[in-house]
Amino acid sequence: MSDEKANQECEKGKDAIVSNPGEAINPEEAKKAKRIILKNLFTIGFGWVFLFTAYSSIANLQSSLNSDDGLGTVSLSTIYVSLILSCIFLPTILIKKFGVKWTIFFSQLAYVLYIGANIFPRYYTLVPGAIILGLGAAPLWTAKCTFLTDLGTNYAKYSGESTEVVINRFFGIFFAMFQSGNIWGNIISSTILKPELIENSTFVSNISFCGSNDCPGSESVEIKKAQKSTV
């Protein structure tokens, strides 16, 4: 009787894949689950690309665009001061209260708020926006790491691969997408802020006076600052 039972179990498990000892997973279910996991991976990756294409571009230009009274530099400094405090207290509290996905959502809104504050850059708009961004940054990155680790662990369960290998691969894919935001952001910034040709301006005919030798006297080139409306 026991042999008969064993044969029946073998028949049931014939079309199943085994990712962990004693755990059989239907191939169709595994395929569907892996597709959903990859969709979530690329969703969070593209979310970071769009968010940090905007944020990195505006942060890189802060000291130039908001140079009056050092506003841009002060706002960037404020971000990292509040970020230090956020790292100590907020990630555990927010993730425990809201969960990983909602923490990511609310924390991204902090970045959006700071980006929006640059439409009307003043001390009373940018500095509070910078404080909120700094407070939201630590929970955002902590929740992202937790989310990617969970995705990699679940994917390894369905694929039968090593958990460490899958998690490292997922982080690699994510950061490849994330870092590409610097490319798109700089392309957009350089296109929008491309220097305009100014009529009746004096151009340097002898380039040996440029660079480290500056452009002395009347031979200097007129530089036109980008209009706030353009930015």
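Counting restarts for each chain, with residues numbered from 1 along the sequence as it is written. In view of the model being predicted, local features appear only for residues whose pLDDT reaches at least 70, and side-chain atom pairs are presented and counted only at 80 or more, with totals across whole chains, interfaces and linings using the full set of residues. Processing note: side-chain calculations cover all non-hydrogen atoms of the structure and skip hydrogens and water entirely.

Before going further, it helps to spend a moment on unusual backbone geometry. The phi torsion at Asp-69 lies on the positive side, around 60°, for a residue other than glycine. The residue Asp-69 is located in the loop between helix H3 (62-65) and helix H4 (71-98) in this model. Here a strand is any run of E in DSSP of at least two residues, a helix any run of H or I of at least four, and the numbering for each starts at the N terminus.

Before going further, it helps to spend a moment on helix H6 (residues 123-159). By this rule the span expected of a helix is its residue count minus one, scaled by 1.5 Å. The end-to-end C-alpha distance of H6 is 52 Å, a good match for the 54 Å that 37 residues give at a rise of 1.5 Å each. Note on bend: the value at a residue is the angle between axes fitted to the seven residues ending there and to the seven starting there. Largest kink in H6: about 30°, centred on Gly-136, with the proline Pro-139 one to four residues after it. A positive phi of about 80° marks Gly-160, the residue just after H6.

Following the sequence through the fold, Asn-118 ends up in the loop between helix H5 (100-117) and H6. For the exposure calls, accessible area comes from a 1.4 Å probe over protein chains only, and a residue counts as buried if that area is under 20% of its type's maximum, exposed if over 50%, partly exposed in between. By relative accessible area, Asn-118 is classed as buried at 13%. Polar contact criterion, stated in full: a pair of N or O atoms within 3.5 Å, where within protein one must be able to donate a hydrogen and the other to accept it, and residues adjacent in sequence count only if both atoms are side-chain atoms. Looking at Asn-118, its side chain comes within polar contact range of the side chain of Asn-66, at 3.2 Å. In this structure the side chain of Asn-118 is engaged in a polar contact, spanning 2.9 Å, whose partner is the backbone oxygen of Tyr-114.

Attention now goes to the environment of Gln-62. Looking at the secondary structure, you find Gln-62 in helix H3. The buried category is assigned to Gln-62, whose relative accessible area is 0%. C-alpha of Gln-62 to C-alpha of Ser-75: the two residues are 13 residues apart in sequence and 8.2 Å apart in space. Once residues lying within four places of it in the same chain are set aside, the contact partners of Gln-62 are Ser-67, Gly-72, Ser-75, Leu-76, Tyr-114, Asn-118 and Leu-126. Every residue pair with non-hydrogen atoms within 4.5 Å of one another is taken to be in contact.

Moving on to the pattern of salt bridges. Any carboxyl oxygen of Asp or Glu within 4 Å of a side-chain nitrogen of Lys or Arg constitutes a salt bridge here. This model, assessed by the stated rule, comprises one salt bridge. Linking Arg-169 and Glu-161 is a salt bridge whose minimum nitrogen-to-oxygen distance equals 2.6 Å. Take Arg-169: its relative accessible area is 34%, and that puts it in the partly exposed class. You can call Glu-161 partly exposed: its relative accessible area is 32%.

With that out of the way, let us pick up the packing of aromatic side chains. The way to describe two aromatic rings as a pair is by their centre distance and the angle between their planes. For this analysis, a ring pair means two rings from Phe, Tyr or Trp (six-membered ring only for Trp) whose centres lie within 6.5 Å, classed as stacked if their planes differ by under 30 degrees, edge-to-face if by over 60, and tilted for the remaining angles. If you walk through the whole model with that rule in mind, you get 21 aromatic pairs. Geometrically, the ring pair formed by Tyr-55 and Tyr-111 is edge-to-face, given 5.1 Å between the ring centres and 90° between the ring planes. Of this pair, Tyr-55 sits in helix H2 (residues 27-60) while Tyr-111 is found in helix H5, placing the two residues 56 residues apart along the sequence. For the pair Tyr-55 and Tyr-111, one class covers both residues: buried.

What follows concerns the environment of Ala-176. Tracing the chain through its elements places Ala-176 in helix H7 (residues 163-192). Judged by relative accessible area, which is 52%, Ala-176 ranks as exposed. Taking the C-alpha atoms as reference points, Ala-176 and Val-49, 127 residues apart in sequence, are found 9.7 Å from one another.

What follows deals with the packing of H4 against H6. The geometry of a pair of packed helices is captured by two quantities: the angle between their axes and the separation between those axes. Lines are fitted to the C-alpha atoms to define the axes, a helix being fitted only along its stretch in contact, and any angle between axes, read from their N-to-C directions, falls within 0 to 180 degrees. The N-to-C vectors of H4 and H6 enclose an angle of 40°; their axes lie 6 Å apart at closest approach. Helix-helix and strand crossings are classified by hand; for H4 and H6 the assignment is right-handed. Of the residues assigned to the contact of H4 with H6, the class counts are 20 nonpolar, six polar and no charged. Crossing handedness follows the turn of the near helix against the far one: under a right angle anticlockwise gives a left-handed crossing, and clockwise gives a right-handed one. Ten residue types, Ala, Val, Leu, Ile, Met, Phe, Trp, Tyr, Cys and Pro, are classed as nonpolar, four, Asp, Glu, Lys and Arg, as charged, and the remainder, Gly among them, as polar.

The next point concerns H5. Between its first and last C-alpha, H5 extends 26 Å over 18 residues, near the 26 Å set by a 1.5 Å rise per residue. Looking only at H5, the buried set comprises Val-100, Thr-103, Ile-104, Ser-107, Gln-108, Ala-110, Tyr-111, Tyr-114 and Ala-117. Those residues of H5 that are buried are in contact with H2, H3, H4 and H6.

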